[in-house]
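# Survey of secondary and tertiary structure
What follows is the residue order along each chain.
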Amino acid sequence: MQTWIRRGGIRSSGTFCTGVALMVMTLFSWSSPLTGTPNSTTATATSVDENSITVNNISQPRWIEIDLSEQRLRAWEGNKLVHSYRISGGKRSTPTPIGRFRINSKYRTHRMRGRGYNIPDVPYTMYFYRGYAIHGAYWHNRFGTPVSHGCVNLPVKQAGNLYRWASTGTLVLVHK
């Protein structure tokens, strides 16, 4: 009987070790939305001097410009303006990051949580840097005024238009 129990224990421990090994491999191969791998959802920020931003040097077929001083988002195809929308960028205490980014993930709806907010079903969410996104905002109508926690808020209908127009990898240029 003890031999049977020992053999069962060895088989169980072998199964257990295999399970643990698979879990460890899964954890190391899984990339969270905030890791820096090429296919992940984090963009790398490059500092942009406000005086060095030149529209003519953008060679991307489609790109998004966010002008925080005007609280305006412009979507471009080359040098042709396609969309222009009023936005609500980040408040002074929670600013929108400035730089060159890429849309790294898109969600039709997404729950957003942070210090002082927990908003379900945020529509047309496009992350461009860490937890910062361009998205629709159904909870306010103060576009043109910085009121967000750092994200770029749009009216829902306009966010939907931009969501359908932009793809993962689209350049996002944020400046003052």
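Below is a short write-up of the structure.

Cut-off values and rules
- Residues numbered from 1 in each chain as written.
- Predicted model: local features only at pLDDT ≥ 70, side-chain atom pairs only at ≥ 80, totals over all residues.
- Heavy atoms only, no water.
- Pairing = 2+ DSSP bridges.
- Helix = DSSP H or I, 4+ residues; strand = E, 2+ residues; numbered from the N terminus.
- Axes fitted to C-alpha atoms, helices over the stretch in contact; angles between N-to-C directions.
- Contact = heavy atoms within 4.5 Å.
- Polar contact = N/O pair within 3.5 Å; in protein donor to acceptor, adjacent residues only side chain to side chain.
- Buried < 20%, exposed > 50% of the residue type's maximum accessible area, 1.4 Å probe, protein only.
- Salt bridge = Lys/Arg side-chain N within 4 Å of Asp/Glu carboxyl O.

### As for the pairing of strand β6 (residues 117–129)
As defined by bridge partners, strand β5 (residues 105–114) adjoins β6 across eight bridges and the pair is classed as antiparallel. Bridge pairing in β6 links Thr109 to Pro123. The loop that links β5 with its antiparallel partner β6 comprises two residues; one of these, Gly116, has a positive phi angle of about 90°. Bridging between β6 and strand β7 (residues 132–136) involves three bridges; their strand directions are antiparallel. Across the sheet, residue Tyr127 finds its bridge partner in β7, namely Ala133. Once β6 ends, the chain turns through two residues before running back antiparallel as β7, passing Arg130 with a positive phi of about 45°.

### Focus: the sheet that holds β5
Pairing in this open sheet of four strands is mixed, and the strands run β5-β6-β7-β8 from one edge to the other. Each of the sheet's edge strands pairs with one partner strand only, and the pair in question is β5 and β8 (152–154). Going from strand to strand, the sheet's axes swing by 40° on average, the running direction of each strand aside. With three bridges connecting them, β7 and β8 associate as parallel partners. In the strand pairing of β8, Ile134 is matched with Val152. In the packing of helix α2 (residues 156–165) onto the sheet, the strands contacted are β5, β6, β7 and β8, and the crossing angle to β6 comes to about 35°.

### Concerning the sheet that holds strand β2 (residues 72–77)
The strand order β3-β2-β1-β9-β4 describes an open sheet built from five strands, whose pairing is mixed. Whereas interior strands pair on both sides, the edge strands pair on one side only; in this sheet they are β3 (80–86) and β4 (99–102). Looking at each pair of strands side by side, their axes are set apart by 20° on average, direction ignored. α2 contacts β1 (62–67), β2 and β3 of the sheet and is inclined by roughly 145° relative to β3.

### A short note on the side chain of His140
Take His140: it is sitting in the loop between β7 and β8. Polar contacts involving the side chain of His140 include one to the main-chain amide nitrogen of Arg142, which spans 2.9 Å. Of the polar contacts made by the side chain of His140, one reaches the side chain of Asn153; its length is 2.9 Å. Discounting chain neighbours no more than four positions away, the residues touching His140 are Ser88, Val147 and Asn153.

### A few points about the side chain of Ser88
Structurally, Ser88 can be placed in the loop between β3 and β4. Residue classification places Ser88 among the buried positions, given a relative accessible area of 0%. Among the polar contacts listed, one links the side chain of Ser88 to the backbone oxygen of Arg142, at a separation of 2.9 Å.

### Remarks on unusual backbone geometry
Excluding glycine, most residues fall at negative phi; most peptide bonds, likewise, are trans. Notably, Tyr124 is not glycine yet its phi reads approximately 55°, a positive angle. Looking at the secondary structure, you find Tyr124 in strand β6. Phi is positive for Arg130, which is not a glycine, with a value near 45°. In this structure, Arg130 sits in the loop between β6 and β7.

### Describing the pattern of salt bridges
The full count for this structure, using the stated rule, is two salt bridges. When the shortest N-O distance is used, the salt bridge between Glu77 and Arg62 registers 3.2 Å. On the criterion of sequence distance, the pair formed by Glu77 in strand β2 and Arg62 in strand β1 is long-range, its members being 15 residues apart. Salt-bridge contacts for Glu70 lead to Arg74; the nearest nitrogen and oxygen are separated by 2.5 Å. With relative accessibility at 45%, the residue Glu70 sits in the partly exposed group. Assessed through its relative accessible area of 16%, Arg74 is described here as buried.

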